[in-house]
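# Understanding the architecture of this molecule
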Amino acid sequence: MNDISGRTAGPRQPAIRVVLMPKDTNALGTIFGGIILSYIDQAGAVEAHHHVPLPGRLVTVAMREVVFHSPVFVGDLVSFFTETLRVGRTSVTIQVTVEAERSTGTGRVKVTEAEVVYVHVDRNNQPVPISAKEAVGA
Ligand SMILES: CC(C)(COP(=O)(O)OP(=O)(O)OC[C@H]1O[C@@H](n2cnc3c(N)ncnc32)[C@H](O)[C@@H]1OP(=O)(O)O)[C@@H](O)C(=O)NCCC(=O)NCCS
């Protein structure tokens, strides 16, 4: 069974998986929130590009409802799951859910979630409609 972007339905897959390192920490020694936000932005863009195939251009216009539920620790395996919430005229809204698998083997926890909005733009950075025909080469 396919979803609206033509992908095959199946077990939930993350857009990105990464092990976070000591260079990613804040002054408290846990992972800096800005690092997580950066990966959220990238993961959401991976999902959004299912609706705007390359070489279509997307820019992030809003990150909203960002909630940090639990800290992320050095060595955690962090997965960024994505889901399309809305496809508008020129924008796509993506839900990103972040889960950390603890390096201590204590299991997997939801650490962060966010809603990110991307806008399809042309080469002059002006919004253009999302449609298969117009997206390519926009
Ligand atoms: C994205 C950008 C081109 C939109 O310009 P704009 O003049 O607001 O365009 P519009 O008013 O036509 O809105 C375009 C779409 O964005 C949506 N949008 C605009 N501002 C929004 C906001 N704050 N939150 C959510 N969606 C927003 C609109 O609802 C519209 O969606 P739709 O067509 O699906 O209904 C402009 O804001 C921009 O260049 N921002 C900087 C983007 C960037 O550089 N991002 C990288 C981060 S540094």
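Everything here concerns the structure above.
Before going into details, it helps to say that this report is about the structure given with it. (Residues numbered from 1 in each chain as written. Predicted model: local features only at pLDDT ≥ 70, side-chain atom pairs only at ≥ 80, totals over all residues. Heavy atoms only, no water.)

Before going further, it helps to spend a moment on the overall build of the protein. For the protein, the helix and strand inventory stands at 2 helices and 5 strands. When the helices and strands of the protein are placed in sequence order, the string is β-α-β-β-β-β-α. Counting over 138 residues, the protein shows a buried share of 38%. Accessible surface for the protein amounts to roughly 7,700 Å². Of this, 55% is attributable to carbon and sulfur atoms. (Helix = DSSP H or I, 4+ residues; strand = E, 2+ residues; numbered from the N terminus. Buried < 20%, exposed > 50% of the residue type's maximum accessible area, 1.4 Å probe, protein only. Areas by Shrake-Rupley, 256 points an atom, 1.4 Å probe, with all protein chains shown as cover.)

Looking now at the site of the ligand. Taken together, 13 residues lie around the ligand, and Thr 60, Arg 89, Thr 90, Ser 91 and Val 119 are the ones closest in. Measuring from a nitrogen atom of the ligand, one finds a backbone N or O atom of Thr 60 at 2.9 Å. In this structure, an oxygen atom belonging to the ligand sits 2.7 Å away from a side-chain N or O atom of Thr 90. Look at the ligand: alone it shows 950 Å² of surface, and the protein chains cover 44% of it. Of all elements in the fold, only strand E2 (57-68) and strand E5 (108-121) reach the threshold of two or more residues within the shell around the ligand. (Near = heavy atom within 4 Å. Polar contact = N/O pair within 3.5 Å; in protein donor to acceptor, adjacent residues only side chain to side chain.)

Let us look at the side chain of Asp 24. Here Asp 24 is to be found in the loop between strand E1 (14-19) and helix H1 (33-48). Using a relative accessible area of 6% as the deciding quantity, one classes Asp 24 as buried. A polar atom in the side chain of Asp 24 sits 3.0 Å from the side chain of Lys 23.

Looking now at H1. For H1, spanning 16 residues, the distance from its first C-alpha to its last is 22 Å, which sits close to the expected 22 Å at 1.5 Å a residue. Packing partners of the buried residues in H1 comprise E1, E2, strand E3 (77-87), strand E4 (91-101) and E5. (Expected span 1.5 Å × (residues − 1). Contact = heavy atoms within 4.5 Å.)

This paragraph deals with the pattern of salt bridges. Taken as a whole and judged by the stated rule, the model has 7 salt bridges. Between Lys 110 and Glu 113 there is a salt bridge, and its shortest N-O distance comes to 3.4 Å. One network of salt bridges, with partners in common, ties together Arg 17, Glu 99, Glu 101 and Arg 108. (Salt bridge = Lys/Arg side-chain N within 4 Å of Asp/Glu carboxyl O.)

Formed by 23 residues in total, the largest nonpolar core has its most connected members in Ile 40, Val 78, Phe 80 and Val 96. Those elements giving two or more residues to this core turn out to be E1, H1, E3, E4 and E5. Looking at which element gives the most residues to this core, the answer is E4, with 5 residues. Once residues within four sequence positions are removed from consideration, Val 78 is found in contact with Ile 16, Arg 17, Val 18, Leu 20, Val 72, Val 98, Glu 99 and Ala 100. (Core = buried A, V, L, I, M, F, W, Y, C linked by side-chain atoms within 4.5 Å.)

Let's shift gears to the packing of aromatic side chains. Any pair of aromatic rings gets described here by the distance separating the centres and the angle formed by the planes. In this structure the tally under the stated criterion is 1 aromatic pair. Ring geometry for Tyr 39 versus Phe 80: centroids 5.5 Å apart, planes at 40 degrees, classification tilted. Of the two residues, Tyr 39 is situated in helix H1 and Phe 80 in strand E3; the sequence distance between them amounts to 41 residues. Looking at Phe 80, the relative accessible area reads 0%, which means it is buried. (Phe/Tyr/Trp six-rings, centres within 6.5 Å; stacked < 30°, edge-to-face > 60°.)

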